[in-house]
Amino acid sequence: MRTSLLLVLLATTPAAASPPGASSCSGCHGAPGGAVPSLAGHSAEDIAASLSAFRSGARPATVMNRIAKGFSDDESRAIAAWIAGGGQ
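Computed from a predicted model, the values in this text were never measured in an experiment.

Caption draft 1: Layout of the environment of proline 20. Residue position: proline 20 is located in the loop between α1 (2-12) and α2 (44-56). In contact with proline 20, not counting residues within four places along its chain, are Phe71 and Ile79.

In structure tokens, the structure reads:
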């Protein structure tokens with residue numbers, strides 16, 4: 001229920017407002033073709049699953065594993081929804 005409420009709030013929040021930590025994603029995950037993969041076109045589910053895999057260590061990384069550990073599952077889903085919705 002809390003997750004549903006969070007997603008509803010995100011959907012009704014102006015585009016300029018981002019979940020804590022989300023706006024920094026574009027610093028590395030910018031335009032397609034860069035050194036770091038772009039997140040453009042990825043679904044919220046895929047982004048949240050990747051964050052979870054980085055956090056658990058199931059997906060190896062040099063930096064993202066440490067960044068992902070700073071977010072809870074709910075925060076990761078909120079960030080993923082924001083990015084997938086074009087917030088980046």
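So that's the structure; there's more coming.
Caption draft 2: Geometry of the side chain of serine 76. Mapping serine 76 onto the fold places it in helix α4 (residues 73-87). Beyond its immediate chain neighbours, meaning those up to four positions away, serine 76 contacts Leu51, Arg55 and Phe71.

Caption draft 3: Here's a closer look at the side chain of histidine 29. Here histidine 29 is to be found in the loop between α1 and α2. A relative accessible area of 14% means that histidine 29 is categorised as buried. Here proline 37 takes part through its backbone oxygen, which lies 2.6 Å from a polar atom of the side chain of histidine 29.

Caption draft 4: Seen up close, the nonpolar core. Ile47, Ile79 and Ile83 are the most contacted members of the largest nonpolar core, which has 13 residues in total. The set of elements that each furnish at least two residues to this core consists of α2 and α4.

Caption draft 5: Molecular detail of the state of the cysteines. What the rule picks out here adds up to zero disulfides. Of all cysteine sulfurs, the one in cysteine 28 lies closest to cysteine 25, which takes part in no disulfide; the gap is 8.8 Å. Looking at cysteine 28, the relative accessible area reads 54%, which means it is exposed.

Caption draft 6: Quick peek at the layout of surface pockets. What the largest pocket holds in volume is close to 610 Å³. In this structure, the largest pocket is lined by 24 residues; those nearest its centre are His29, Val36, Leu39, Phe54 and Met64. Secondary structure elements with two or more residues in the lining of the largest pocket: α2, α3 (64-68) and α4. Per-element accounting of the lining of the largest pocket gives the leading share, five residues, to α2.

Caption draft 7: How the structure looks around the pattern of salt bridges. All told, the structure shown has two salt bridges when counted by the stated rule. Close ionic contact of aspartate 73 with arginine 55 constitutes a salt bridge, the shortest N to O distance being 2.3 Å. With aspartate 73 in helix α4 and arginine 55 in helix α2, this residue pair connects regions lying 18 residues apart in the sequence. The salt bridge partner of aspartate 74 is arginine 77, with a shortest N-O separation of 2.5 Å. Here arginine 77 and aspartate 74 lie together in helix α4, a separation of three residues that amounts to about one turn. Judged by its relative accessible area of 31%, arginine 77 falls in the partly exposed class.

Cut-offs applied
Residues numbered from 1 in each chain as written. Predicted model: local features only at pLDDT ≥ 70, side-chain atom pairs only at ≥ 80, totals over all residues. Heavy atoms only, no water. Helix = DSSP H or I, 4+ residues; strand = E, 2+ residues; numbered from the N terminus. Contact = heavy atoms within 4.5 Å. Buried < 20%, exposed > 50% of the residue type's maximum accessible area, 1.4 Å probe, protein only. Polar contact = N/O pair within 3.5 Å; in protein donor to acceptor, adjacent residues only side chain to side chain. Core = buried A, V, L, I, M, F, W, Y, C linked by side-chain atoms within 4.5 Å. Disulfide = S-S within 2.5 Å. 1 Å grid on protein atoms, 1.4 Å probe; cavity = no way out; pocket = protein on both sides within 12 Å on 5 of 7 lines; lining within 4 Å. Points joined across faces, edges and corners; volume = space filled by probe spheres on them. Salt bridge = Lys/Arg side-chain N within 4 Å of Asp/Glu carboxyl O.

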